[in-house]
Amino acid sequence: MALLEVKNIHKTFDELTVLNGVDLTVNKGDVVAILGPSGSGKTTLLRCINFLERADGGTMVFDGRTVDMAHADKKEIREIRSHTGFVFQNYNLFSNKTALQNVTLGLQTARKMPRDKAEEIGMEMLRKVGMADRADHYPSQLSGGQQQRVAIARALADDPEVIYFDEPTSALDPELIGEVLEVMRSLAASGITMVVVTHEMTFARDVSNHVIFMEKGKIVEEGPSKEFFAHPREERTRTFLRMVGNRTAPSGTGIVS
């Protein structure tokens, strides 16, 4: 049984159709990579799934619970979000709080968890992402990669069933990307369910088990990651991979390297 199924998502901004009947299925333990050119609807899809944007139409089944995405009420949204985590492009850390405080804030305010218990969980999550020694540092004292690792620790602290990542390395300097991807590799290896909007082709090919390629608000092609990169079926997919994936494409794909 799928952990998450969304059917026929539609989203329009003014007169621009951003999502046009998108379906998505995520099973427990999946690492789904969503690829596509800028403006293809990738981030909007992710935001609609977590109700950061309200879809104009579509149905979601999350862990057996069915929700009308256009008309879900606050209680339904709160219930679904309580089982998910979200990692943003730009970290979204509170600048006046330490790394540990950023991780524990939600546990204490939303879950009403005692401070000592929240800090115990917070330190465990910071250790998991290699940031325990920076627990008392403020965001301004951390590199971009370190801030993103704190953001991942914050997402993990709620023990989510799935974590959504919105281009988690796009705001990082090239030399800092590797440390964040390594944490994400470790999470994937531990069986955490992840849906990742990314431009990192190596991650998509080697870490994810399923790839979705979007353009103009629709899914052009999807399939198992190895098959997607080795034998893309659609010409538009092949063109995309030639343009952005040639640095990491495996031999035998017909992609120029």
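Predicted model only: the values in this text are computed from it and were never measured.

A closer look at the side chain of Thr198
Within the fold, Thr198 resides in the loop between β8 (193-197) and α7 (201-206). In this structure the side chain of Thr198 is engaged in a polar contact, spanning 2.8 Å, whose partner is the backbone nitrogen of Glu200. Excluding its chain neighbours within four sequence positions, the residues that come into contact with Thr198 are Ala33, Ile34, Leu35 and Glu167.

Overview of the nonpolar core
One finds Ile152, Phe165, Met184 and Met194 to be the most contacted residues of the largest nonpolar core, which totals 40 residues. A per-element tally of this core places helix α6 (residues 174-189) first, with eight residues. Not counting residues within four places of it along the chain, the set of residues in contact with Ile152 comprises Val87, Val129, Phe165, Val180, Val183, Met184 and Leu187. In this structure, Leu3, Ala72, Tyr164 and Val195 belong to the second largest nonpolar core, which totals 30 residues.

Examining the packing of aromatic side chains
Note on aromatic pairs: each is described by the distance of the centres and the angle between the planes. Tallying each qualifying case throughout the model produces four aromatic pairs. Centre to centre, the rings of Phe213 and Phe240 are 4.7 Å apart; their planes meet at 35°, and the pair counts as tilted. You can see Phe213 sitting in strand β9 (residues 210-215) and its partner Phe240 sitting in helix α9 (residues 235-244), a full 27 residues away along the chain. A relative accessible area of 5% means that Phe240 is categorised as buried.

What counts and how
Residues numbered from 1 in each chain as written. Predicted model: local features only at pLDDT ≥ 70, side-chain atom pairs only at ≥ 80, totals over all residues. Heavy atoms only, no water. Helix = DSSP H or I, 4+ residues; strand = E, 2+ residues; numbered from the N terminus. Polar contact = N/O pair within 3.5 Å; in protein donor to acceptor, adjacent residues only side chain to side chain. Contact = heavy atoms within 4.5 Å. Core = buried A, V, L, I, M, F, W, Y, C linked by side-chain atoms within 4.5 Å. Buried < 20%, exposed > 50% of the residue type's maximum accessible area, 1.4 Å probe, protein only. Phe/Tyr/Trp six-rings, centres within 6.5 Å; stacked < 30°, edge-to-face > 60°.

Shape descriptors only; they carry no functional weight alone.
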